Amino acid sequence: MNNIVLIGFMAVGKTTVGKSLSYLMHYQFVDTDMYIKKKEGKKIATIFKEDGEPYFRELERNVSKGLLKNPRKVISTGGGLFMDDISRGLYLKEDFVVFLKLPMDTIYKRLMKNNKRPLAQSVTKEELTKRYQQRLPIYKNAHLEVDTTGKTAFEIAKEIKKAYYDWLTKGEQNGKRRNTKKSN
Ligand code: S3P
């Protein structure tokens, strides 16, 4: 059964696009950071500070496993979630994975405007670029890549919806069992 999963670096707009896409698809929307925040009763930055990054990654993995049980969702992930082998394997096996991307200049400007993200605190542009370059080959495992530069969330959502239905159709042709029920 299938969900649509949005991956990509911090500040590329996964949450905004995810909300728009869930509206367009009539799918439930889940943001993994919001889910974790609610469940733990703490901000992500506080979890990093008090419990450490490995604990946060474990929470992310548990969310991934739990989400598989109910399909027909749009899932916006935290920027590092897809780096985990288990989460990645689960999503790529069942779901339609979309990599949202933006040039580093834009990402950096956005990140400097807010200080909520622990991994973007007191880092130089070079350090962020290095982290992005390390992650890029992994993000590229996605079924679809969308450069979001100059597009509205709704335009991006429409592009993803179309590609998702093409993917479902291709899956059917290849004899893969996919959730082919279309929304309106
Ligand atoms: C992270 C990205 C954040 C959040 C956490 C770690 C990362 O989510 O999960 O701060 O490792 O890239 P966003 O991608 O929504 O900023």
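Residues numbered from 1 in each chain as written. Predicted model: local features only at pLDDT ≥ 70, side-chain atom pairs only at ≥ 80, totals over all residues. Heavy atoms only, no water.

A.B. asks: What's the story with the overall build of the protein chain in this structure? I'm lost.
C.D. replies: The secondary structure content of the protein chain amounts to eight helices and five strands. Secondary structure of the protein chain in N-to-C order comes out as β-α-β-α-α-α-β-α-β-α-α-β-α. For a compact globule of 184 residues, the expected C-alpha radius of gyration is about 16 Å, and the protein chain comes in at 16 Å, within 12% of that figure. Projected onto the principal axes, the alpha-carbon positions of the protein chain cover approximately 50 × 35 × 30 Å. For the protein chain, the exposed surface amounts to about 10,100 Å²; the carbon and sulfur share of it is 50%. On the protein chain, the mean spot of the 37 positive side-chain charges and the mean spot of the 21 negative ones are 4 Å from each other. (Helix = DSSP H or I, 4+ residues; strand = E, 2+ residues; numbered from the N terminus. Rg over C-alpha atoms; globule rule 2.2 N^0.38 Å. Areas by Shrake-Rupley, 256 points an atom, 1.4 Å probe, with all protein chains shown as cover. Lys, Arg positive; Asp, Glu negative; His and termini not counted. Charge placed at Lys NZ, Arg CZ, Asp CG, Glu CD.)

A.B. asks: I keep staring at the site of the ligand and nothing clicks. Help me out?
C.D. replies: With respect to spatial proximity, 15 residues lie near the ligand, and among them Lys14, Arg57, Gly79, Arg117 and Arg135 are the closest. At 2.8 Å from an oxygen atom of the ligand is found a side-chain nitrogen or oxygen belonging to Asp33. Contact with the protein chains covers 94% of the free accessible surface of the ligand, which is 390 Å². Here the shell around the ligand is composed, by residue class, of six nonpolar, three polar and six charged. (Near = heavy atom within 4 Å. Polar contact = N/O pair within 3.5 Å; in protein donor to acceptor, adjacent residues only side chain to side chain. Nonpolar A, V, L, I, M, F, W, Y, C, P; charged D, E, K, R; others polar.)

A.B. asks: Sorry if this is basic, but what is going on with the packing of aromatic side chains here?
C.D. replies: Geometrically, a pair of aromatic rings is defined through the distance of the ring centres and the angle of the planes. In this structure the tally under the stated criterion is nine aromatic pairs. On the basis of an interplanar angle of 45° and a centroid distance of 5.1 Å, the ring pair of Phe96 and Trp167 is categorised as tilted. Placement of the pair is Phe96 in strand E4 (residues 96-101) and Trp167 in helix H8 (residues 153-173), with a sequence separation of 71 residues. Of the two residues examined, Phe96 and Trp167, each falls in the buried class. Between Phe99 and Tyr139 the ring centres are 5.1 Å apart and the planes differ by 20°, which places this aromatic pair in the stacked class. One end of the pair, Phe99, is in strand E4; the other, Tyr139, is in helix H7 (residues 125-139), with 40 residues separating them in the sequence. Take Phe99 and Tyr139: they sit in the same class, and that class is buried. One aromatic cluster is present, formed by Tyr27, Phe96, Tyr164, Tyr165 and Trp167 through successive ring pairs. (Phe/Tyr/Trp six-rings, centres within 6.5 Å; stacked < 30°, edge-to-face > 60°. Buried < 20%, exposed > 50% of the residue type's maximum accessible area, 1.4 Å probe, protein only.)

A.B. asks: What am I meant to see in the pairing of E4 here?
C.D. replies: Consecutive side chains of a regular strand alternate in pointing toward one face of the sheet and then the other. Counting buried residues in E4 gives five out of six residues, a clear majority hidden from the surface. As paired strands, strand E1 (residues 4-7) and E4 are joined by four bridges and run parallel to one another. Bridge pairing in E4 links Ile7 to Phe99. Sheet topology places E4 next to strand E5 (residues 144-147); four bridges connect them, and they run parallel. Paired with Lys101 across the bridge in E5 is Asp147. (Pairing = 2+ DSSP bridges.)

A.B. asks: I tried to follow the sheet that holds E5 on my own but got confused; where do I start?
C.D. replies: By definition, the strands of a sheet pair up through backbone hydrogen bonds, in either a parallel or an antiparallel sense. Strand order in the open sheet formed by five strands is E2-E3-E1-E4-E5, and the pairing between neighbours is parallel. This sheet does not close on itself; its edge strands, each paired only once, are strand E2 (28-31) and E5. Geometrically, the sheet is characterised by an average inter-axis angle of 20° between neighbouring strands, direction not taken into account. Where E2 lies against strand E3 (residues 73-76), four bridges are found, and the strand directions are parallel. Note on E3: the bridge partner recorded for Gln28 is Lys73. Packing against the sheet, helix H2 (residues 32-40) makes contact with E2 and E3, and its axis sits at approximately 70° to E2. (Axes fitted to C-alpha atoms, helices over the stretch in contact; angles between N-to-C directions. Contact = heavy atoms within 4.5 Å.)

Keep in mind that these numbers describe shape and distance, not what the molecule does.
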